[in-house]
Amino acid sequence: MPPIIDEDKCNGCGKCVEICPNDVFFGSQRGEVPKVTYPDQCWHENACVHDCPKEAIKLRIPLPMMIIYK
Amino acid sequence: MELEKKQCDILCVGGGIAGLMAAIQASESGAKVMVAEKANTLRSGMGGMGNDHFQCYIPEVHGDFDFFWKELFYGQLVGTLQKMGREYVRYWFENTFDIVKLWDKWGIPMKYEGKYEFAGHGFPGKQLNHLKYSGINQKPVLTKQALSRGVEILNRVMVFDLLKGKDGSIIGALGISTREDKLIVFEARGVVLGTGGCGGIYPSVTVGANNNRGHPLSVSGDGRAMAYRAGVELVDLELTGRHAGPKYFYRVGQATWVGVLRDRLGKPIGPYLTKPDRQYHDMTIEVNKGIFEEYKNSGKGPIYMDMNGISKQDLEYMVHWLKNEGNMGLLNSLQEEGLDLGKLAIEFQTSDLSVRGGIVANHRGETSVNGLYAAGDEVWGTISHAAVFGRSAGENAANYVTKVKAVDVEAEKKTAIEAKKAQLEEIRARKDGPTWSEASFALQQIMLDYCGQVRSENLLGAGLDIVGRLKKKASSGLMAENAHDLVFCLQTLNLIDIGESVLTSAYDRKETRGLHVRVDYTLTDPLLNNKLHLVKLVEGQPTTTWIEVE
C-alpha cells in the first residue's frame, strides 16, 4: 500500500513526515527512513512524492482505486 | 495528559486558504494571530496540492460589472449563488481582482503565458469567469506570507471545541496535539473557523477504500460541528450533493479535463461538444453530475471522458492544469502504466453523497456568536470565495478584538476544561471498545440507509433514533491507541453531530429538492425557493427554522 519509500535514496530528512496531510507516517523519527504507519489513510494527493528532495517516494495506487479506461 | 495554554487575540482554526488569508489580514491589522492546523499548512486541505481555477471578475477582461453579474448565474454554482444573497455575491466578486493581484505579487502565478486566461465551467458562447492559475504552490506561498507578518502557525494541532464566556461571546477554544497526548487551551477574543468541507459522512465511492473521496477523511467538518455545539446556525445541510470525476481514482476538479463525454460506442452523451475544447470543456457534466450513475443503473453503460482528437498543444495545456489542480498522483499512475492520455477515454463516475451546507456567516465573516467568524468551504465553496471571505473575516475579527477585553479562560472555564480533559484521558485509557473507524463506518451506513437517495418521514425518524444511539455509544465508549487515533475519534464525534443535524434538517424539509428526494413529499415547493433552512441547538435539542434569502 502507498506510499513506497526507496530506502537507498531516502536521507531521513523528515520532509514527508512534516507535511503529510493525513499523517500516514505518524510515529516516524527524523534521521530514519519513515515508516508508513497508516497506509489506508493515504489520500494519494502526492504531497510526499512531490516534496521529497531525494525523489525517494512513489505511490502505489490500491486495486480498488485502479483507473478505468476504454 | 499534559495541559498547555496559548494566548492570542485571534485564533484561526484551519490553515487552508480561508484560514491563512484571515490570519494574514488580521495580523496586518495589528492583531496577535495564531493558526491551529491539524496537518501542516504547507500541504493541508483541499488546496494542499493546488488548484487551477479562481472564479473572479477582472474589469479589463469582463468589462461592465452588471453584465458580468448577469452572466454569472449559469453553471454549477448557480444554485449556491442564489442562496448566498445579492449583497454577499456582490462583495465576493467586487473583491476577487484584488486577491488576483495580491497572489500574483506573492508568487502564485495568476497569468498563463503572460495574460489572464479563462476556461472551463462555461457554456459555449457564454462569459467565462474561472481564471486559470498555477496554484500548486499556493499553500507554501500563503504560509510564507503569514509567517512574514508574525503569525504563529501551530501545525499538528486539532481544535475541536469553542469556549464561550458568561455573556455568550467567544473567549477561547480547546485543541489537542495530533502527535502527543496534550490538551491545549487557547485564550482568544476572536476565532475564525476555516476547517473546510465535510467528508466522511456517507460511504466512499469504492468498496474497501474509505478515503477514496472528493473530500478526504481529514477534512471532517470540525468547524461546522463545533460551531453547531456553540449554538450557531447551520444551513441547508440536507441538500446533499454529488460531484463527478475519474473512476475509480476519484478526484474533484472535473472542469480541468479537456475531453468529450462519450458512451461506449463513441457517441457524445451531451449536446455541447463533438471534439475536445480547451476553452469550454464538456458542460454536460455540470448540467447533470448524476448522469454517470443514471447510465450505469439504466444499463446504458459507462460514460467516458474521451480525450481522442485533442491536439498535442491542448493535451499539454490540460496536463499543465491537471498538475496544478492536485492530480499529480493520477497522472503519475497513468504514466507508470504506459498510457497515452491523449488517446485515452477514462470512465467517469458520480461521487459519493456529501454535505454541502455550512455555517451561517455574513460577508463580514460574522456568525451569530460574538467573536466567532467563519469563512471558506466552512460556509460555501470554491477557492476565490475562501480567499475573499477569509480576508474579510480576518479584518473584521481584528476590529472586533480591539473592542473586547480578554477573559482568563482557564479560570472561567475550569470545570468545562477539566471535564473535557477527563473525557480525552478516558478515550486514551480504554483497552476495549469501538475504534474510530467502527464508529465512522456505522455512521456512514446509517446515513446512507436512512438519509440517502430515498428519504421519508419513516426512514428519517428511524435514522434519528439510530444515530442518537450511535452517538451515546461512541461518546461513552470510543478508544484510541495514540494521539493520532484520538484525532480521528474527535473527528468522528464531530461527524456524528453533523449527521444528526443533517437528519433533523431532512426530516423537517417536507418537499423534494435536488437530491433531497422525499417519497412522501414528491413536489418541489416553490414557496421555499427563496428560503434557507437553518438548524441550531436550542437547549441541547436540534431545532429548525426558515429564513428568507436577502
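Source: prediction; values computed, not measured. (Residues numbered from 1 in each chain as written. Chains lettered and ligands numbered in written order. Predicted model: local features only at pLDDT ≥ 70, side-chain atom pairs only at ≥ 80, totals over all residues. Heavy atoms only, no water.)

Student: Before we move on, could you go through the interface of chain A and chain B and cite the residues and values that matter?
Tutor: Across the contact, 31 residues belong to chain A and 49 residues belong to chain B. For the pairing of chain A and chain B, the buried interface totals around 3400 Å² over both sides, and the portion due to carbon and sulfur atoms is 57%. In terms of surface lost to chain B, no three residues of chain A exceed W43, I67 and K70 of chain A, which account for 25% of the buried area on that side. The tally of links between chain A and chain B comes to 3 salt bridges. For the salt bridge of R43 of chain B with D51 of chain A, the shortest nitrogen-to-oxygen distance reads 2.8 Å. Where chain A meets chain B, there are 19 residue pairs in polar contact (both at pLDDT 80 or more). Elements that contribute at least two residues to the side of chain A that touches chain B include exactly helix 1 (15–19) and helix 2 (47–51) of chain A. (Contact = heavy atoms within 4.5 Å. Buried area = accessible area lost by both parts, 1.4 Å probe. Salt bridge = Lys/Arg side-chain N within 4 Å of Asp/Glu carboxyl O. Polar contact = N/O pair within 3.5 Å; in protein donor to acceptor, adjacent residues only side chain to side chain. Helix = DSSP H or I, 4+ residues; strand = E, 2+ residues; numbered from the N terminus.)

Student: Let's hear about the nonpolar core: which residues, and what values?
Tutor: Within soluble globular proteins, side chains that are nonpolar generally end up buried alongside one another. Counting 138 residues, the largest nonpolar core has L11, F54, W103, F186 and L193 of chain B as its most contacted members. Among the elements that take part in this core, helix 17 (residues 483–508) of chain B stands out by supplying 12 residues, more than any other. For W103 of chain B, the residues in contact, after removing those within four places along its chain, are I17, M21, F54, I108, M110, Y133, Q138, L142, I383 and A387 of chain B. C10 of chain A together with F249, W257 and L315 of chain B belong to the second largest nonpolar core, which has 42 residues in total. (Core = buried A, V, L, I, M, F, W, Y, C linked by side-chain atoms within 4.5 Å. Buried < 20%, exposed > 50% of the residue type's maximum accessible area, 1.4 Å probe, protein only.)

Student: Any chance you could break down the environment of F67 of chain B for me, citing the residues and the numbers?
Tutor: All names here are of chain B. Among the secondary structure elements, F67 is positioned in helix 3 (residues 65–72). Accessibility expressed as a relative area gives 43% for F67, which makes it partly exposed. Separated by 60 residues in the primary sequence, F67 and Q127 place their C-alpha atoms 9.4 Å from one another.

Student: I'd like a description of a nonpolar patch on the surface, backed by residues and values.
Tutor: Residues and elements named next belong to chain B. Together, V454, V517 and V519 make up a nonpolar patch on the protein surface, roughly 220 Å² of accessible area in all. Along the chain, V454 turns up in the loop between helix 15 (436–450) and helix 16 (457–477). Overall, V454 belongs to the partly exposed group, its relative accessible area being 45%. (Patch = residues over 30% accessible without salt bridge, like charges linked within 9 Å, V, L, I, M, F, W, Y side chains within 5 Å. Areas by Shrake-Rupley, 256 points an atom, 1.4 Å probe, with all protein chains shown as cover.)

Student: Tell me about the pairing of strand 9 (residues 182–187) of chain B, and please be specific about residues and values.
Tutor: All names here are of chain B. Across the 6 residues that make up strand 9, a large majority, 6, are buried. The alternating pattern of strand 9 places K182, I184 and F186 and L183, V185 and E187 on opposite faces, both of which are buried. Bridge analysis of strand 1 (residues 2–7) against strand 9 gives 6 bridges, and the strand direction is parallel. The residue bridging L3 from the neighbouring strand is L183, located in strand 9. Turn length for the strand 8 (residues 170–177)-strand 9 hairpin, with the two strands adjacent in sequence and antiparallel, is 4 residues. (Pairing = 2+ DSSP bridges.)

Student: Pulling in residues and values, what's your account of the pattern of salt bridges?
Tutor: Residues and elements named next belong to chain B. By the definition in use, this model includes 47 salt bridges over all chains. Note that E500 is salt-bridged to K471, the shortest N-O span being 3.2 Å. One end of the pair, E500, is in helix 17; the other, K471, is in helix 16, with 29 residues separating them in the sequence. According to the relative accessible area criterion, K471 is partly exposed, its value standing at 29%. One salt bridge in this structure joins E511 and R509, with 2.6 Å as the shortest N-O distance. With a relative accessible area of 0%, E511 lands in the buried category. Residues joined in a network through salt bridges with shared partners are K83, D236, E238, R509, E511 and R513.

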